[in-house]
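Listed below are the residues making up each chain.
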Amino acid sequence: MASYDLTPRIAPHLDRHLVFPILEFLQERHLHEDEQILSSKIELLNKTNMVDYAMDIHKSLYHAEEVPQDMVERRMEVVGRLKALEEAAAPLVAFLQNPNAVQELRADKQYNLQMLSERYQIGTEQIEALYQYAKFQFECGNYSGAADYLYQYRALCTNSERSLSALWGKLAAEILMQNWDIALEELNRLKEIIDSKNFASPMNQVQSRIWLMHWSLFIFFNHDNGRTLIIDLFNQDKYLNAIQTTAPHLLRYLATAFIVNKRRRPQFKEFIKVIQQEQHSYKDPIAEFLACVYVNYDFDGAQKKMKECEEVILNDPFLGKRVEEGSFSTVPLRDEFLENARLFIFETYCRIHQRIDMGVLAEKLNLNYEEAERWIVNLIRGSKLDAKIDSHLGTVIMEPNHPNVYEQLIDHTKALSGRTYKLVSQLLEHAQAQPAR
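Computed from a predicted structure; not experimentally measured. (Residues numbered from 1 in each chain as written. Predicted model: local features only at pLDDT ≥ 70, side-chain atom pairs only at ≥ 80, totals over all residues. Heavy atoms only, no water.)

(A) Structural context of the pattern of salt bridges. Evaluated as defined, the whole model comprises 20 salt bridges. Where Arg119 meets Glu104, a salt bridge forms, and the shortest distance between an N and an O atom there is 2.4 Å. Of the two residues, Arg119 is situated in helix 7 (residues 109-120) and Glu104 in the loop between helix 6 (99-102) and helix 7; the sequence distance between them amounts to 15 residues. Classification of Glu104 as partly exposed rests on a relative accessible area of 22%. Across the pair Glu186 and Arg189 runs a salt bridge, and its minimum N-O distance is 3.0 Å. Taken together, the residues span about one helical turn, with Glu186 and Arg189 both in helix 11 (residues 180-196) at a distance of three residues. The exposure class of Glu186 is buried, given its relative accessible area of 4%. Under the relative-accessibility criterion, Arg189 is labelled partly exposed at 39%. What you see here is one network of salt bridges that share partners, running through Lys170, Glu174, Glu186 and Arg189. (Salt bridge = Lys/Arg side-chain N within 4 Å of Asp/Glu carboxyl O. Helix = DSSP H or I, 4+ residues; strand = E, 2+ residues; numbered from the N terminus. Buried < 20%, exposed > 50% of the residue type's maximum accessible area, 1.4 Å probe, protein only.)

Pasting the structure below:
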């Protein structure tokens, strides 16, 4: 299953701290040799200030009690730098920790800067020191402290680029602390800025969207409403175009969300067109499963892909596990996926055949005969299937399903309304981007 590991494609679009949870997962799953994972951790840690963690990994990797002298020196350097930054930011930190003083702050940043300078002798140097102190705390692995200071820094910062950098840092910190609701709020703030900001080049904006989507995977597959929210984000034209041109591996996650989300069928039909377009340029078991069912009508191929999909989900860092209360626990997404995948095969197969042999159907669904019969009976009882079973002949007889013209009209109208909204939004954005004449 290591060949389906997307870490080499995903990691370059993440902050290096966000890669550590992925490596922990891969190590637990034994997809790669332990030495390879530990070496990767050391390589990542060498560019952070988490020196103690790096020392522990070094001892595990080389089975040693001592660490190299350069690591000891590096630790002393980090401690010294941390103390210096703490002293530089101390006046502003003391102000922010004083509830009575903080009440003097207003929404007007210019007023705040003047007030801090006149009453507390706190200027731009101390505000910059707070940013550097927060950033250093993050690099040391103190994500809680970093998140607090970055939030406070953004309330005072008047530099839009530096404020944006602080927002990225706060998002990473909230993700690493598993604060999914707060992380989602920060993600939405970032999206709004990325979509409205004038970038130096269109490619910079596309790259920002690519980064945002990669970071969002942590949130969407842990947040209660994440499997719907990922469709809302990834399926937008600008983001879907970015996926197709720059990061097609993200189709795995959008395809999974569509399969387990029964409420997005109208959008799902449009997504199948994307799968059809990409089926020859990008290969992934989950995307290939949808191509087998809805594009090629290859039900034997779909059955084989289901088995691969199950393994992919179990061994994917975002699909296979969820972080809850500080420990990993298996997400029931696999069972939900397999149930809906069987339903997709069944629905499509039944549109082609009116009378279906139960034995053949059981094989297509990757179930034994009794399991398949019980599964179909439950579908009929749940009013999800207009059919009956002939137990004597061992067949499923499908009732004629004439399309409801009224429902078709509503679906097409909804789709037309959505496309019109997207078109108007694009025209308005284009108009705003034009220089004033």
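(B) Looking closely at the packing of aromatic side chains. Tallying each qualifying case throughout the model produces 20 aromatic pairs. Here the aromatic rings of Phe268 and Phe344 are separated by 5.3 Å at their centres, their planes lie at 35 degrees, and the arrangement is tilted. Of this pair, Phe268 sits in helix 16 (residues 265-278) while Phe344 is found in helix 19 (residues 333-352), placing the two residues 76 residues apart along the sequence. According to the relative accessible area criterion, Phe344 is buried, its value standing at 0%. Through a chain of ring-to-ring contacts, three or more aromatic side chains come together here, namely Phe258, Phe268, Phe271, Tyr294 and Phe344. For the cation-ring pair, Arg106 lies above Tyr111, with the distance from its terminal atom to the ring centre recorded as 4.0 Å. (Phe/Tyr/Trp six-rings, centres within 6.5 Å; stacked < 30°, edge-to-face > 60°. Lys NZ or Arg CZ within 6 Å of the ring centre and 35° of its normal.)

(C) Main features of the pairing of strand 4 (residues 387-390). Summarising the sheet, strand 4 and strand 5 (residues 395-398) pair through four bridges and their orientation is antiparallel. Directly across from Lys388, in strand 5, lies its bridge partner Ile397. Between strand 4 and strand 5, which follow one another and run antiparallel, lie four residues, and Gly394 among them has a positive phi close to 70 degrees. (Pairing = 2+ DSSP bridges.)

(D) Layout of the pairing of strand 5. Residues of strand 5 alternate between two faces, with Thr395 and Ile397 on one and Val396 and Met398 on the opposite face, all of them buried. Alignment of strand 3 (residues 355-357) against strand 5, held across three bridges, turns out to be antiparallel. Pairing of Asp357 across the sheet is with Thr395, part of strand 5.

(E) Here's a closer look at the sheet that holds strand 4. Taken in spatial order, the three strands line up as 3-5-4 in an open sheet, and their pairing is antiparallel. Looking at the sheet topology across the chains shown, the edges are occupied by strand 3 and strand 4. On average, each strand axis in the sheet is inclined to that of its neighbour by 25 degrees, with strand direction left out of account. Seen against the sheet, helix 21 (residues 369-381) touches strand 4 and strand 5 and runs at an angle of roughly 145 degrees to strand 4. (Axes fitted to C-alpha atoms, helices over the stretch in contact; angles between N-to-C directions. Contact = heavy atoms within 4.5 Å.)

(F) Seen up close, the packing of helix 15 (residues 251-260) against helix 17 (residues 285-295). At a minimum axis distance of 8 Å, the contact between helix 15 and helix 17 shows a crossing angle of 55 degrees. As summarised for this structure, helix 15 and helix 17 are arranged oblique, according to the angle between their axes. In this structure, helix 15 meets helix 17 at a crossing whose hand is left-handed. When helix 15 is examined against helix 17, the residues Arg252, Ala255, Thr256 and Ile259 are found in contact with a partner set consisting of Ile286, Phe289 and Leu290. The residue makeup of the contact of helix 15 with helix 17, split by class, is five nonpolar, one polar and one charged. (Parallel < 35°, antiparallel > 145°, perpendicular 65-115°, else oblique. Left-handed = near helix turned anticlockwise from the far one by under 90°. Nonpolar A, V, L, I, M, F, W, Y, C, P; charged D, E, K, R; others polar.)

(G) View of helix 8 (residues 124-139). Compared with the 22 Å implied by 1.5 Å per residue over 16 residues, the 23 Å span of helix 8 between its first and last C-alpha is a close match. Where helix 8 is concerned, the buried positions are Gln126, Ile127, Ala129, Leu130, Tyr131, Tyr133, Ala134, Phe136, Gln137, Phe138 and Glu139. Those residues of helix 8 that are buried are in contact with helix 2 (16-29), helix 5 (69-96), helix 7, helix 9 (143-156) and helix 10 (160-176). Following helix 8 by one or two positions, Gly141 has its phi on the positive side, about 95 degrees. (Expected span 1.5 Å × (residues − 1).)

(H) The packing of helix 15 against helix 19, seen in detail. Two elements in contact, helix 15 and helix 19, have axes whose closest approach is 8 Å; the angle formed by their N-to-C orientations is 70 degrees. It follows from the interaxial angle that helix 15 and helix 19 lie roughly perpendicular. Of the residues in helix 19, those touching helix 15 at Thr256, Phe258, Ile259 and Val260 are Leu333, Glu336, Phe337, Asn340, Ala341 and Phe344. Here the residues of the contact of helix 15 with helix 19 sort into seven nonpolar, two polar and one charged.

(I) Quick look at the nonpolar core. Counting residues in hydrophobic clusters, the biggest one holds 140 residues, and the most contacted among them are Phe234, Tyr253, Phe289, Leu290 and Phe337. Here this core takes 10 residues from helix 19, the largest share from any one element. Apart from residues no more than four positions distant in its own chain, Phe289 is found in contact with Ile259, Ala302, Lys305, Met306, Cys309, Ala341, Phe344 and Ile345. (Core = buried A, V, L, I, M, F, W, Y, C linked by side-chain atoms within 4.5 Å.)

(J) Broad picture of unusual backbone geometry. Even without glycine at this site, His30 takes up a positive phi of about 60 degrees. With respect to the helices and strands, the residue His30 is situated in the loop between helix 2 and helix 3 (34-45).

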